[in-house]
Amino acid sequence: MRVRVVRFTGVTAERMQELEARVREAGGAPPGVNSTGLEVLFDEAQGTAVVLQHFATAEDLDAGARVFAAMDPGETPGTRVSVDACEVKLRIASPG
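Everything quoted here is computed from the prediction, not taken from an experiment.

The rules behind the values
Along each chain, the written sequence defines residue order, and numbers are assigned to residues from 1. Reporting of local features is limited, given that this is a predicted model, to residues whose pLDDT is at least 70; pairs of side-chain atoms are given and counted only at 80 or more, and all residues count toward the totals for whole chains, interfaces and linings. Side-chain measures were taken over the full set of non-hydrogen atoms in the model, leaving aside hydrogen atoms and water. Where helices and strands are cited, they refer to DSSP runs of H or I of at least four residues and of E of at least two residues respectively, numbered from the N terminus. For the radius of gyration, the atom set is restricted to C-alpha positions; the globular benchmark scales as 2.2 Å times the number of residues to the power 0.38. Buried residues are those whose accessible area, probed at 1.4 Å on protein chains only, stays under 20% of the maximum for their type, while exposed residues exceed 50% and partly exposed ones sit between those limits. For two strands to pair, DSSP has to find at least two bridges joining them. A helix's residues, less one, multiplied by 1.5 Å, set its expected span. Each axis is a line fitted through C-alpha atoms, and for a helix only the stretch in contact is used; angles between axes span 0 to 180 degrees, taken between their N-to-C directions. We call two residues contacting when some pair of their heavy atoms lies within 4.5 Å. Here a polar contact is recorded for every N or O atom pair within 3.5 Å, except that within protein the pair must consist of a potential hydrogen donor and a potential acceptor, and residues adjacent in sequence are included only if both atoms are side-chain atoms.

**Section: the overall build of the protein chain**
Within the protein chain one finds two helices and four strands. Starting at the N terminus and walking to the C terminus, you meet the elements of the protein chain as β-α-β-β-α-β. For 96 residues, the compact-globule estimate of 2.2 N^0.38 gives 12 Å, and the protein chain sits close to it at 14 Å. Looking at the protein chain residue by residue over its 96 residues, the buried ones come to 25%.

Written as structure tokens, this is what we have:
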């Protein structure tokens, strides 16, 4: 499993609500993005967000990254400050 981790600054609660509404309305990822999941973490006090985009393969992650890189910055929750393309090495889920 691969995860694209994107960090944003300058994020407001209003922008997060807009993003959430757009993603829900679209029913998921944009065309060309073959993701297996999405998590958006928001720290309102700091005005930051971390977006975790999950992919089954490195190829899917790379293809998705190209789509997201071409995205209009006005469609993001804030200013993109970092992007990491990670391989999941360890995942522990708590029971219950």
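That was the structure; now back to the text.
**Quick word on the pairing of strand 2 (residues 37-43)**
In regular strands, side chains alternate between the two faces of the sheet. As paired strands, strand 2 and strand 3 (residues 48-55) are joined by seven bridges and run antiparallel to one another. Following the sheet pairing, Val40 is matched in strand 3 by Val51. Between strand 2 and the antiparallel strand that follows it, strand 3, lie four residues; Gly47 among them carries a positive phi value of about 70°.

**Some words on helix 1 (residues 13-26)**
Over its 14 residues, helix 1 runs 20 Å from end to end, which matches the ideal 20 Å to within 8%, given 1.5 Å per residue. Directly beyond the C-terminal end of helix 1, a positive phi value near 80° is found at Gly27.

**Regarding the sheet that holds strand 1 (residues 2-9)**
Taking strand neighbours across the sheet as the criterion, the four strands line up as 2-3-1-4 in an open arrangement whose pairing is antiparallel. Among the strands making up the open sheet, the edge pair consists of strand 2 and strand 4 (79-87). With strand direction ignored, the average angle separating the axes of adjacent strands in the sheet is 15°. The sheet contacts of helix 2 (residues 58-69) involve strand 1, strand 3 and strand 4, and relative to strand 1 the element is tilted by about 25°.

**Points about the side chain of Gln53**
Residue position: Gln53 is located in strand 3. Here Gln53 falls in the buried class, since its relative accessible area comes to 7%. Sequence-distant contacts of Gln53, that is, excluding residues within four places in its chain, are made with Arg2, Val3, Arg4, Val6, Gly37, Leu38 and Phe68.

**A short note on the side chain of Thr76**
Mapped onto the elements, Thr76 comes out in the loop between helix 2 and strand 4. Within polar-contact distance, the side chain of Thr76 engages the backbone oxygen of Pro73 at 2.7 Å. Dropping the residues within four chain positions of it, Thr76 is found in contact with Phe8, Arg15, Arg22 and Met71.

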